[in-house]
Amino acid sequence: MDEKTIEINPVTRIEGHAKVSIRLSDDGTVKEARFQITDFRGFEKICEGRPFYEMPGIMSRICGICPVSHLLAAAKACDEILAVSIPEAAVLLRRLIHMGQIIQSHALSFFYLSAPDFLIGVDSDPSKRNIFGLIEKYPDVAKQGIKLRSFGQKIIEHLAGRRIHSNEWIVPGGVRTPLSKEKSDRIRSEYDDALKIASENILRFKDILEKLRGELENFGDFPTYYMGLITSKGDLEHYDGWIRIVDCDGQIIADHLDPKKYYEYIGESVEPWSYMKFPYYKPLGYPNGIYRVGPLARLNVASKCGTPLADGELKEFRKLGRNGVVQNTFLYHYARLIEILFCIEKVEEILNNPETYSENVWARASVNRYEGVGVVEAPRGTLIHHYKTDKYGIVKWSNLIIATEHNNLAYNMAITQVAKKYIRGEKINEGLLNRVEAIIRALDPCLSCATHTWNSIALDVILYDSKGKILDRLTK
Amino acid sequence: MSVSSVVKIKIDGVEVTAYEGDTILSAAKRASIYIPTLCYLDGLSSYGGCRLCIVEVKGSPKLFPSCTTPVSNGMEIITNSERLRKFRKLTLGLILSEKPHICSICVANGHCELQDLAKEFGVDHLRVEREWTAHKIDLTHDFLVIDHNRCILCARCIRACDEIEGVHVLDMKMRGKDSQVIVDMDEDWASSRSCTSCRKCARVCPVGAIYVRDKPFSEIKDKEMAKFILSRRGL
């Protein structure tokens, strides 16, 4: 068959490196779009032969955006290997640092990476459509974004001593040092501002939604299942709890699944054209068992948030969906803002808990089990670390399922839908292609498994005919 | 000390009084002249293994390890020259390329003597291909760990074990790049009957090769330990 391919390589303003291939039929309509991860890092192999307690440190190096989530998933898997129940204060402090992580990562995704698209304009001059353009045109919004991100980063710094890769503090069995009242006060001092920024930006985003109403139709709006962690009461959860899966009508199809037995219900498929695996819900098979994770999915699976302001906002959010389930991928942004609000409220709740300041923060033990699974909700979705060790604790095998992987099938569906809506014929329009990128940014991939770019061209789209002849090319 | 045992030398153009039996390094230290070292540790015997403390001696084309070279009357020594810096940098590069050293995930990161020296000499790239062979990690001991992937074969642990603790549990097997620190007759650490678990090996290790599990590296390390113990013994 006569086929043409458009390539967006690399996709810009995302974390990591990926490309998009859009395949056109003879008549110039989009046949299929693929989201491809172009690099390979192999952390699962690197860690073989290393001591289990090094896993948090090694694994967190996968990503500079959300190292804390990797640290926590790895540390939880190591807690399993130690077979200890960690002190309550350690759980609270780990939750607190994770709140900081989610706030900073969501703020990065929303303000730094995506806001230029919907504030400056998806068709605007690409040289201005970035954080610097945002600073120029909307300095107040940019400042708010930077301040909110810094609030999250500082929580991490106050607890762990460093903002990025604070791998000495989170240890198997708990955390290394307790939280002092002085540091707690320093976190509190910025709390009100952070809450104000989050609330203001939710209002701003609702205005944007009104304006974009027409554009949002078929903008990554498709039925999938949703997966996320919940508390025992079914509330929003990021650190512990159980897995719940709901369908596109809001029906719970699986509840209180043990995250440690993820392999019983999550399968991983492989496609020859991407380094990223394709997880699916096993009972429904591949590819029917497509599900989404991340902020939108978490709000879809949770019965409620569990904090007053976030719960109020969740009610508004649910009105945008059917039966309380929101399908539109663009609304990941809205979900992200609600989660920021939730996390800020949770920060206060944790700081007000006297148990947070207990000196007992580290349960020490040696290897008692030879296998451990750690699961947390990273900013981008469910993150699973699984290790097997020998009797001394040397890692012999490991498996990671990162949040972006869960969404892999969804990425491909979303970009296909958006490409079909906007791209026709052989001429390429940068603004239309940016819509394909924008939907990827809404899902907020973290592809930092691919951090080394060797090409200075930020965007290179090539249109080939069936014989490999270049029909059109656009670089910037 | 008799007058006859006094020797006069010049280090970097400065006249320094030393004594017979002094090494160039000890004379320089007394005169507060800095010579970089790695395998050398105050309180332990000199080993001359790392070649970081090389100096030039006037009248000889050779370079001398200052930790093992005795002073002699009239010696003129240069401790810092373009040539020396070049060789020291090369030596550090060779040490770093011999094992898969990855600072970011090492327990010693930020408290590592090799890392400090690499910074001092500007080793930001390696000119020889790195050796990526994975080496064994002995996790069998209750709290002491030896990770051969990080060992630079400076033999400080072996000397501390022998000369300070007096048990000589640790030693070196093989030669050249196959050299490896061993416990007793190359056994697992847990099965050693002679190890007293004194942790001195971990305290003197300049890198993250021997360490105490679950302890921050800054707490384990004690560069002055050997010197301190010997001074208490009146040695």
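This is a predicted model, so every value here is computed, not measured.

Right, let's get into the overall build of chain B. Broken down by element type, chain B carries 7 helices and 10 strands. Over its C-alpha trace chain B gives a radius of gyration of 19 Å, about what one expects of a compact globule, namely 18 Å for 235 residues. Here chain B holds 235 residues, and 37% of them are scored as buried. By sequence separation, contacts in chain B at least 24 residues apart represent 62% of the contacts at least 6 residues apart.

To continue, consider helix α13 (residues 332–352) of chain A. The terminal C-alpha atoms of α13 of chain A, which comprises 21 residues, lie 30 Å apart, in line with the 30 Å expected from a rise of 1.5 Å per residue. Of all 21 residues in α13 of chain A, 17 are buried; the element is thus mostly enclosed.

Right, let's get into unusual backbone geometry. Y286 of chain A connects to P287 of chain A through a cis peptide bond whose omega is 0 degrees. Checked against the element boundaries, P287 of chain A lands in the loop between β11 (278–281) and β12 (291–292). In this model, A83 of chain A sits at a positive phi of 60 degrees, which is unusual for a non-glycine residue. On the secondary structure map, A83 of chain A appears in the loop between α3 (67–82) and α4 (88–120). Taking the number of C-beta atoms within 10 Å as the measure of exposure, A83 of chain A has 12 and is therefore exposed. The phi angle at R199 of chain B is positive, at roughly 75 degrees, despite the residue not being glycine. By the element assignment, R199 of chain B lies in the loop between β9 (180–183) and α5 (200–204). Judged by local crowding, R199 of chain B falls into the partly exposed class, with 19 C-beta atoms found within 10 Å.

If you trace the backbone, K45 of chain A turns up in helix α1 (residues 43–46). Distance in space between the C-alpha atoms of K45 of chain A and V395 of chain A is 10 Å, their sequence separation being 350 residues.

Residue and element names in this part refer to chain B. We note that the domain assignment places domain 1 (3–80) and domain 2 (86–233) within chain B. Relative placement of domain 1 and domain 2: their C-alpha centres are 25 Å apart. Partitioned by chemical class, the residues of the side of domain 1 that touches domain 2 number 10 nonpolar, 3 polar and 2 charged.

By size, the foremost hydrophobic cluster in this structure holds 205 residues, and its most contacted members are M55, L93, I338 and I415 of chain A together with C157 and I210 of chain B. Leave out the neighbours within four places in its chain, and L93 of chain A touches L159, V175, L179, T356 and V361 of chain A.

Attention now goes to the packing of helix α6 (residues 139–160) of chain A against helix α7 (residues 181–188) of chain A. All names here are of chain A. The N-to-C vectors of α6 and α7 enclose an angle of 175 degrees; their axes lie 10 Å apart at closest approach. Taken together, α6 and α7 sit at an angle that is classed as roughly antiparallel. In contact with K154, I155 and H158 of α6, α7 contributes K183, R186 and I187. For the contact of α6 with α7, the class distribution of residues is 2 nonpolar, 1 polar and 3 charged.

In this model, chain A carries a mean pLDDT of 88, and residues with pLDDT of at least 70 account for 92%. Ranking the helices and strands of chain A by mean pLDDT puts α13 of chain A first, with 97, and strand β17 (residues 460–464) of chain A last, with 54.

So, on to α3 of chain A. Residues and elements named next belong to chain A. Helix length check: α3, at 16 residues, gives a terminal C-alpha distance of 22 Å against a target of 22 Å (1.5 Å per residue), a fit within 8%. Burial analysis of α3 places 16 of its 16 residues in the buried class, which makes it a mostly covered element. At the C-terminal side of α3, A83 shows a positive phi close to 60 degrees.

With that out of the way, let us pick up the domain arrangement of chain A. All names here are of chain A. Domain parsing of chain A yields domain 1 (4–40 + 410–475) and domain 2 (85–218 + 329–364). Tallying the contact residues gives 15 residues for domain 1 and 13 residues for domain 2. Of all elements in the fold, only α15 (408–422) and α16 (430–443) reach the threshold of two or more residues within the side of domain 1 that touches domain 2. In terms of residue count, the dominant contributor to the side of domain 1 that touches domain 2 is α16 (9 residues). Of the residues assigned to the side of domain 1 that touches domain 2, the class counts are 6 nonpolar, 3 polar and 6 charged.

Moving on: the sheet that holds strand β6 (residues 137–138) of chain B. Residue and element names in this part refer to chain B. The strand order across the open sheet built from 3 strands is β6-β7-β10, with neighbouring strands paired in antiparallel fashion. Edge strands, defined here as strands with exactly one partner in the open sheet, are β6 and β10 (210–212). Note: strand β7 (residues 144–147) against β10, 3 bridges, orientation antiparallel. Following the sheet pairing, I146 is matched in β10 by I210.

Time to look at the sheet that holds strand β5 (residues 76–78) of chain B. Residue and element names in this part refer to chain B. An order of β2-β1-β5-β3-β4 is seen for the 5 strands of this open sheet, with the pairing classed as mixed. Two strands close off the open sheet at either side, each with one partner strand: β2 (14–19) and β4 (63–65). On average, each strand axis in the sheet is tilted by 40 degrees relative to the strand beside it, whichever way the strands run. As paired elements, strand β3 (residues 54–57) and β4 share 3 bridges and run antiparallel to each other. Across the sheet, residue I54 finds its bridge partner in β4, namely P65. Its contacts with the sheet place helix α2 (residues 82–98) against β3 and β4, and it is angled at close to 155 degrees to β3.

All names here are of chain A. Two numbers describe how helix α12 (residues 308–318) lies on α13: the axes approach to 8 Å, and their chain directions differ by 165 degrees. One finds that α12 runs roughly antiparallel with respect to α13. When the axes of α12 and α13 are compared, the crossing they make is left-handed. Contact with α12, carried on its side by L309, A310, E313, L314 and F317, involves Y334, A335, I338, L341, F342 and E345 of α13 and no other residues of that element. Among the residues making up the contact of α12 with α13, the classes are represented as 9 nonpolar, no polar and 2 charged.

Moving on, we get to the pairing of strand β4 (residues 30–37) of chain A. All names here are of chain A. Bridge analysis of strand β3 (residues 18–24) against β4 gives 7 bridges, and the strand direction is antiparallel. By the bridge assignment for β4, S21 is matched with R34. Count of turn residues in the β3/β4 antiparallel hairpin: 5 residues, of which G28 carries a positive phi of about 85 degrees.

Rules used in this analysis
- Residue indices begin from 1 for each chain and proceed along its sequence in written order.
- Working convention: letters from A go to chains and numbers from 1 go to ligands, in the order in which they are written.
- Totals for whole chains, interfaces and linings use every residue, but because this is a predicted model, local features are given only for residues with pLDDT of at least 70 and side-chain atom pairs only at 80 or more, for both listing and counting.
- We count a stretch as a helix when DSSP gives it H or I for four or more residues in a row; a strand needs E for two or more, and each element gets its number in order from the N terminus.
- Every radius of gyration here is taken over C-alpha atoms, with the globule rule written as 2.2 Å times N^0.38, N being the number of residues.
- With C-beta atoms placed from the backbone, a residue counts as buried when 20 or more other C-beta atoms lie within 10 Å of its own, as exposed when 12 or fewer do, and as partly exposed for counts between those limits.
- Working definition of a contact: two residues with C-beta atoms, positioned from the backbone, lying within 7 Å.
- Each residue after the first adds 1.5 Å to the expected span of a helix.
- Annotation comment: domain bounds sourced from an automatic or database domain assignment.
- Under the scheme applied here, ten amino acids are nonpolar (Ala, Val, Leu, Ile, Met, Phe, Trp, Tyr, Cys and Pro), four are charged (Asp, Glu, Lys and Arg), and all others, including Gly, are polar.
- Buried Ala, Val, Leu, Ile, Met, Phe, Trp, Tyr and Cys residues form a nonpolar core when they are connected through C-beta atoms within 7 Å.
- To get an axis, a line is fitted to the C-alpha atoms, and for a helix only the part in contact is used. The angle between two axes follows their N-to-C directions and goes from 0 to 180 degrees.
- For classification, angles of less than 35 degrees are called roughly parallel, those exceeding 145 degrees roughly antiparallel, those between 65 and 115 degrees roughly perpendicular, and all remaining angles oblique.
- By definition, pLDDT measures how confident the predictor is in each residue, and it falls between 0 and 100.
- Strand pairing requires that DSSP identify at least two bridges connecting the strands.
- Helix crossings get a hand from a simple test, with the near helix turned counterclockwise from the far one by less than a right angle marking a left-handed crossing and a clockwise turn marking a right-handed one.

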